[in-house]
Amino acid sequence: MGESGMGLLEAHRAMAGKIAVVIGGCAGHIGRGVTLGLAHEGVRVIACDNDREGIAAIVPEVEALGGTISAHCADVADEASLDAFWDAVAAETGRVDILVNVAGLVERNLFADTTRALHARDIRMNYDYIVQSCHRALPLLRASGEGAAIVNFTTIEAHRGAATFAVYAGAKAATTNFTRALAVELGADMIRVNCLASDTTLARASNAALAAEDFARLAELGEDALNKSIEFYVPQKRPPSVGEVIDGLLFLVSDLSRTVTGQTLHVDGGTSASWGFLDWPEGDGFMPAPLGGTLKKLQG
């Protein structure tokens, strides 16, 4: 550790008393995990979500950790609703130290089968609201006076040609480059702006990234079929847990990363490193496409 380096325990202690805004932080495995992870570190959380049951449930969970939370109902798909939430944040506190934009939406479709309404929805939910949120947060982040951190959740799909996720992938790519540009603009303010890309997690295994027919075909192969497919795809042979994703987030918002900005942290077990090299069965090993062993089995 260098002369001015910071130890892990010191960095985590320094988070206590900070104020974080979490957009999409009351429901879903990742959003809820972000809020609980920050609360565990002594961070005061102001969160919003459109899931009223999740909002009601997260408050006692945070309080059981000894934390403080203000939970609001807001729909990021609606500009006025998100503005109303930020109005409430500004009325509640004079500063924000951490902003996490975790809300998002993904649905698998061939582009030819989509509509303009779906395009607008995907852009709003995966890019546009993040721009609005960062813009509204900026005066409060600057008011922190000691620097601040923004983390925008993105995806590996922002970095590759993700067929059947075309508009989603494009929106996430926009978020990723917006994050880089904003990091440069806000560098002198010591406001760090980074992305976190979690790719496949166990939490995503049951969401709309897969269609009902995809799950039906997997179910025909047995309960362990999805896990087996992940073994081909993820070099570490398992996806990161929600807790491991949150560990990455805590690094990005803590002083351990105080000179890390404009970057994307891939918490993905190595999938972004492999770039399509799958570990095929039947002795084929790592290749972009199956070889003789796998093809022989497929052809029966």
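Refer to the preceding data block for the structure.
Residue positions are given per chain, counted from 1 along the sequence in the order it is written. With the structure being a predicted model, the display of local features is reserved for residues of pLDDT at least 70 and the display and counting of side-chain atom pairs for 80 or more, all residues being used for whole-chain, interface and lining totals. Based on all heavy atoms of the structure, the side-chain values leave hydrogens and waters out of the count.

Let's shift gears to the sheet that holds strand 6 (residues 191-197). When DSSP finds two or more bridges between two strands, those strands count as paired. What counts as a helix is a DSSP run of H or I of at least four residues, what counts as a strand is a run of E of at least two, and both are numbered from the N terminus. Pairing is parallel across the open sheet formed by 7 strands, whose spatial order is 3-2-1-4-5-6-7. Both edges of this open sheet fall to strand 3 (69-73) and strand 7 (264-266), since each of them pairs with a single strand only. Strand-to-strand twist across the sheet, computed as the mean angle between neighbouring axes with direction ignored, equals 15°. When strand 1 (residues 19-23) meets strand 2 (residues 44-49), the two strands line up parallel, connected through 5 bridges. Bridging from a neighbouring strand, Ala 20 pairs with Val 45 of strand 2. Orientation is described by lines fitted to C-alpha atoms, with helices fitted over the stretch in contact, and by angles between N-to-C directions that extend from 0 to 180 degrees.

Moving on, we get to unusual backbone geometry. The phi angle at Met 190 is positive, at roughly 60°, despite the residue not being glycine. Considering the arrangement of structural elements, one finds Met 190 in the loop between helix 6 (166-185) and strand 6. Note on exposure labels: buried denotes an accessible area under 20% of the residue type's maximum, exposed denotes more than 50%, and partly exposed covers the range between, all computed with a 1.4 Å probe on protein chains only. Accessibility expressed as a relative area gives 46% for Met 190, which makes it partly exposed.

Two rings from Phe, Tyr or Trp (for Trp, the six-membered ring) form a pair when their centres sit within 6.5 Å of each other. Planes less than 30 degrees apart are called stacked, planes more than 60 degrees apart edge-to-face, and all others tilted. By the definition in use, this model includes 3 aromatic pairs. Measuring from ring centre to ring centre gives 5.8 Å for Phe 85 and Trp 86, while their planes differ by 65°; the resulting arrangement is edge-to-face. Each member of the pair, Phe 85 as well as Trp 86, is classed as buried. Seen in terms of ring centroids, Tyr 127 and Phe 178 are 6.2 Å apart; in terms of plane orientation they differ by 80°. Their pairing is edge-to-face.

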